[in-house]
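Analysis of the macromolecular model
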Amino acid sequence: MPIFGVLSVLCLIAYVFFRVRYFRVKQPYHRQWISSKATIALGSFMFFFGIDQLIVWQDKVAIIVGSVFAIVGFVYAIQGFKTYKFYQPKAAEEARQQYKG
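My aim in this report is to walk through the structure given alongside it, one point at a time. Owing to the predicted nature of the structure, the values given are computational and were not obtained by experimental measurement.

Counting nine residues, the largest nonpolar core consists of Phe-18, Tyr-22, Val-25, Trp-33, Ile-34, Ala-38, Tyr-84, Tyr-87 and Ala-91. Within the residue set of this core, elements represented by two or more residues are α1 (2–24), α2 (28–56) and α3 (60–100). Judged by nonpolar contacts, the second largest core, of eight residues, contains Cys-11, Met-46, Phe-48 and Ile-51.

Its place among the elements puts Thr-39 in helix α2. Filtering out sequence-adjacent residues up to four positions away, Thr-39 remains in contact with Tyr-76 and Gly-80.

Below, the discussion takes up α3. With 41 residues, α3 extends 59 Å between its outermost C-alpha atoms, agreeing within 8% with the 60 Å of an ideal straight helix rising 1.5 Å per residue. Most pronounced at Tyr-87, the bend in α3 amounts to some 35°, and the proline Pro-89 follows within four residues. Here α3 has its buried residues at Ala-62, Gly-66, Ala-70, Gly-73, Ala-77, Gly-80, Tyr-84, Tyr-87, Ala-91 and Glu-94. Looking at the buried side of α3, the elements it contacts are α2.

Before going further, it helps to spend a moment on the packing of aromatic side chains. Scanning all chains against the criterion turns up eleven aromatic pairs. Their ring planes at 20° and their centres at 6.4 Å tell us that Phe-81 and Tyr-84 sit as a pair that is stacked. A residue pair is termed a helical-turn pair when its members lie 3 or 4 positions apart in one helix, as Phe-81 and Tyr-84 do in helix α3 at three residues. The class of Phe-81 is partly exposed, set by a relative accessible area of 46%. The class of Tyr-84 is buried, set by a relative accessible area of 19%. The rings of Phe-4, Phe-47, Phe-48 and Phe-74 are connected pair by pair, giving a single aromatic cluster. A cation over a ring is seen here: Arg-19 above Tyr-22, with NZ or CZ 5.3 Å from the ring centre.

What counts, and at which threshold
Residues numbered from 1 in each chain as written. Predicted model: local features only at pLDDT ≥ 70, side-chain atom pairs only at ≥ 80, totals over all residues. Heavy atoms only, no water. Core = buried A, V, L, I, M, F, W, Y, C linked by side-chain atoms within 4.5 Å. Buried < 20%, exposed > 50% of the residue type's maximum accessible area, 1.4 Å probe, protein only. Helix = DSSP H or I, 4+ residues; strand = E, 2+ residues; numbered from the N terminus. Contact = heavy atoms within 4.5 Å. Expected span 1.5 Å × (residues − 1). Bend = angle between axes of the 7 residues up to and from the residue. Phe/Tyr/Trp six-rings, centres within 6.5 Å; stacked < 30°, edge-to-face > 60°. Lys NZ or Arg CZ within 6 Å of the ring centre and 35° of its normal.

Keep in mind these numbers describe shape, not what the thing actually does.
The structure is reproduced here in structure tokens:
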């Protein structure tokens, strides 16, 4: 299905976007928050790429590689989401402190 290929490309573009933003931000919590969004995008890319490999190719090697990519990508995206939830309030507080003073 071409939808998983398109989603893979969109997630890869989002990863590059967040990685570039990471290097432009100076606040430490905001940087970690943006880095967690990049981790989610990279994990999603790996997941969608693995699912695409499972659907498109039907040989043994592609099934193994696709399964590994899908599992690792899913775990990576979940870890990025947990990190995102952890740093979101800290980054918001950091932004409030920056704009107050």
